[in-house]
Amino acid sequence: MKTIISQYPDIDTSFWKDQPIDNILFFDIETTGLLADTSFLYLICCGSCENSVLTITQWFSEGIQDEPALIDAFFSHMANYSLLVHYNGTTFDMNFLMKKCRQYHRPYTFDNIRSLDLYKKILPYKSRFMLKNYKQK
């Protein structure tokens, strides 16, 4: 497993007023397919902000044997936060990770963290945006 941590200072966090920004973890995963049973998890990426410094943490798998280490690293990191923000993570990312946890007999869950799915928040306004779809491009 390879870990890359990048930091960006002097981030304006005034836009986030609902909760202290240092309690929020943004995340996304990348896989080789849509089914956890037949696909490979090769990247988990997280973003967080503390003292106006944005930190991007990426865990890259260098082979399928690294999947358990990626999962362990992510859930260990997530334990430091109270809100998880994602885009369509409720439908895909979180379910994919839960299936991988069962596959590797990992005890993790998302039960102890609040979740904000940006996709589900904007979905009711789809007609106003006049977009063909909401796929990330």
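As a starting point, this report considers the structure included with it. Every chain's residues receive numbers from 1 upward, in the order its sequence appears when written. At least 70 in pLDDT is required for a residue's local features to be given in this predicted model, at least 80 for side-chain atom pairs to be given and counted, and no such filter applies to totals for whole chains, interfaces and linings, which use all residues. Water and hydrogen atoms play no part in the side-chain values, which are based on all heavy atoms of the structure.

Remarks on the overall build of the protein chain
Within the protein chain, the regular secondary structure consists of 4 helices and 6 strands. Here a helix means four or more residues in a row that DSSP labels H or I, a strand means two or more in a row labelled E, and each is numbered from the N terminus. Counted from the first residue to the last, the protein chain has its helices and strands arranged as β-β-β-β-α-β-α-β-α-α. Taken across its 137 residues, the protein chain has 39% of its residues classed as buried. Considering only intrachain contacts with a sequence separation of at least 6, the fraction spanning at least 24 residues in the protein chain is 66%. Accessible surface area values rest on a Shrake-Rupley calculation with a 1.4 Å probe, where residue burial reflects the displayed protein chains alone. Put simply, the protein chain shows about 8,600 Å² of open surface, and 53% of that area lies on carbon and sulfur atoms. Burial here depends on accessible area, computed with a 1.4 Å probe over protein chains only, as a share of the maximum for the residue type. Under 20% is buried, over 50% is exposed, and the range in between is partly exposed. In this description, contact between two residues means that some pair of their heavy atoms is separated by no more than 4.5 Å.

A few points about the environment of Cys 45
Mapped onto the fold, Cys 45 is located in strand E3 (residues 41–50). Separated by 14 residues in sequence, Cys 45 and Trp 59 place their C-alpha atoms 6.4 Å apart.

Topic: the packing of aromatic side chains
Each aromatic pair joins two rings of Phe, Tyr and Trp (for Trp, the six-membered one) with centres within 6.5 Å, and gets the label stacked for planes under 30 degrees apart, edge-to-face for over 60, and tilted for any other angle. Going through the model one piece at a time under the given rule, you end up with 8 aromatic pairs. Ring plane angle 50° and centroid distance 6.4 Å describe the contact between Phe 74 and Phe 110, whose orientation is recorded as tilted. Separated by 36 residues along the polypeptide, Phe 74 in helix H1 (residues 67–78) and Phe 110 in the loop between helix H2 (93–103) and strand E6 (114–117) bring together distant segments of the chain. Residues Phe 74 and Phe 110 agree in their burial class; the two are buried. Pairing Phe 75 with Phe 110 gives two aromatic rings, centres 5.2 Å apart and planes at 50°, and the pair type is tilted. With a gap of 35 residues between them, Phe 75 in helix H1 and Phe 110 in the loop between H2 and E6 connect regions that are remote in the sequence. Residues Phe 75 and Phe 110 agree in their burial class; the two are buried. Site record: aromatic cluster; members linked through ring pairs are Phe 27, Phe 74, Phe 75, Tyr 108 and Phe 110.

Thoughts on the pattern of salt bridges
Whenever Lys or Arg places a side-chain nitrogen within 4 Å of a carboxyl oxygen from Asp or Glu, that contact is recorded as a salt bridge. Applying the stated criterion to the full structure yields 2 salt bridges. Across the salt bridge formed by Glu 67 and Lys 100, the nearest N and O atoms sit 3.1 Å from each other. Of this pair, Glu 67 sits in helix H1 while Lys 100 sits in helix H2; the two residues are 33 residues apart in sequence, bridging distant segments of the chain. Overall, Glu 67 belongs to the buried group, its relative accessible area being 0%. With relative accessibility at 1%, the residue Lys 100 sits in the buried group. For the salt bridge of Arg 106 with Asp 72, the shortest nitrogen-to-oxygen distance reads 2.7 Å. Separated by 34 residues along the polypeptide, Arg 106 in the loop between H2 and E6 and Asp 72 in helix H1 bring together distant segments of the chain. Assessed through its relative accessible area of 26%, Asp 72 is described here as partly exposed.

None of this, on its own, says anything about what the molecule does.
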